[in-house]
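# Chains, contacts and geometry: an overview
What follows is each chain in one-letter form.
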Amino acid sequence: MLIAAIAGWLIPSPMQAQTSRAELLAHPNLATGNYCNYPNPTGHVTPAPEGYAPFYVSHYGRHGARYMTDDKPYKYIIGKLDTAQIRGWLTDLGKDALVRLKLAADNAYHRDGDLTQLGGRQHRGIAQRLWCNYPELMTRPVHVKANSSTVRRCILSMANFCQELKALNPQLDIEMDASKHDMYYIIPNDSIEIPHSDTDDALYEKLDKFRHEKLNGRHQIELLFKDPKAVEGWIDGYKFADGLWNIASDMYCLPELGLSFSDLFTEDELIDGFRVYNASWCLWEGLMPGSQHNYYAIYPLLKNFLDEADLMIASGKEGVRLRFGHDSVVLPFSFILGVKEAIGGTDDMENLHNYFSIFRLIPMAGNVQLIFFRKQGSDDILVKFLMNENETSVPIKTDCYPFYHWKDVSAYYRNMLKAANITYKTKIENDDDDD
């Protein structure tokens, strides 16, 4: 299966999981990891078995392209370069980079984490394809229920998605909400006890070493400062390189600015930044063997998917269920589901990208969709799993791939929830806490 991206690049099938250097060099956007622009799906939609029609969509999506979530990289790097310029330490490239950094920082001022124009377009595109691919459902006057994280970029992503649906079908009955009431499943549930792992600390030590090796800043300092030795001890090489890599990556979310910082990195250094964050996300979410299973915090979302699907099936009605949140949910949720793109984690950080790549899972606006089908006169409900709108597989037996029998799917995941034996932390009551 191939995924065609916005600019026409192609991502190899996860079944051929390798992410080659040539691929990343040919398509630098991929090397931005979770800053990656949303890839256009293949457009391949397998027809449902004869007599079956779509009646329900259940969706969870990450917000679209955004600004960096804080301005600390800008403050640190511009602060150092400003001081160096006063002291006459900057090279011509250093002076030029400082001008560009200030332009980017001025544009990002007080926009920490905000949705960009591209982010809105990404969600409108996903909504349009949902309408085009399943007209038997989406052209009808069905109810659309949408919930979002209370973070602005997620609310605006939801608004863009729903606005596009309404423009395509004015008959839709759309209900939108963004309330703390629903955060127990929209974002990671921090009240859930996470099972302890004796090897988690060792993995974080390994990751820290890996990060400092790959993002050491030596080359950036040589490019920007006349005498690199003069700034030794004054600049934290890792902090400097990591900040610049994030700024350079975020420029892909802001194409209208026309700014780039890729000239401050070699090709391999840009790829090393991707490898660092690829390993980091795999460990942070508990997808790496031996790591703490932080994905337990996403089990309430799985239960919400199951319970709401069962209610819709029992009602005999049609509908669309939308949820909007973050990469910190899409990634572990796809792992819990067992979609083939998410299950290649390994503690071999040097080679992890050959088996697991976050740009296949959590690009900007990344999403998981379940499409449900039924046949008149039959109790057999079928469901199809989509990862970023592409048909994918899960570890459940089926005789009609890419469709699965809901009774098998529901039993599999409810057994998973039962085996997890989720427990909650003791709630500490505080009458003064009105957060």
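Reference entry: report on the structure contained in this document.

This part takes up the state of the cysteines. A complete count under the given rule lists zero disulfides for this structure. The thiol of Cys-132 is unpaired, and the distance to the nearest cysteine sulfur, on Cys-162, comes to 17 Å. For Cys-132, a relative accessible area of 46% translates into the label partly exposed. The closest cysteine sulfur to the non-disulfide-bonded Cys-154 is located on Cys-162, 13 Å from its own sulfur. Given a relative accessible area of 1%, Cys-154 falls into the buried group.

A word on the pattern of salt bridges. For the coordinates displayed, the defined rule picks out 19 salt bridges. A salt bridge links Asp-82 to Lys-102; the shortest N-O distance between them is 2.9 Å. With Asp-82 in helix H2 (residues 72-86) and Lys-102 in helix H3 (residues 92-108), the pair connects residues that are 20 residues apart, well separated along the chain. The class for Asp-82 is partly exposed, based on a relative accessible area of 25%. Here Asp-272 makes a salt bridge to Arg-275, at a shortest N to O gap of 3.1 Å. Placement of both Asp-272 and Arg-275 in helix H11 (residues 267-284) is noted, with a separation of three residues, approximately one turn of the helix. Per residue, the accessibility class of Asp-272 equals that of Arg-275, and both read buried. Within the structure, one salt-bridge network assembled from shared partners comprises Lys-214, Asp-272, Arg-275 and Glu-350.

With that settled, consider unusual backbone geometry. Cis peptide bonds are those with omega within 30 degrees of zero, and the linkage from Tyr-401 to Pro-402 qualifies with 10°. Structurally, Pro-402 is set in the loop between strand S9 (390-391) and strand S10 (403-405). The phi torsion at Asn-421 lies on the positive side, around 50°, for a residue other than glycine. Tracing the backbone shows Asn-421 in the segment after helix H14 (406-420).

Conventions and cut-offs
- Residues numbered from 1 in each chain as written.
- Predicted model: local features only at pLDDT ≥ 70, side-chain atom pairs only at ≥ 80, totals over all residues.
- Heavy atoms only, no water.
- Disulfide = S-S within 2.5 Å.
- Buried < 20%, exposed > 50% of the residue type's maximum accessible area, 1.4 Å probe, protein only.
- Salt bridge = Lys/Arg side-chain N within 4 Å of Asp/Glu carboxyl O.
- Helix = DSSP H or I, 4+ residues; strand = E, 2+ residues; numbered from the N terminus.

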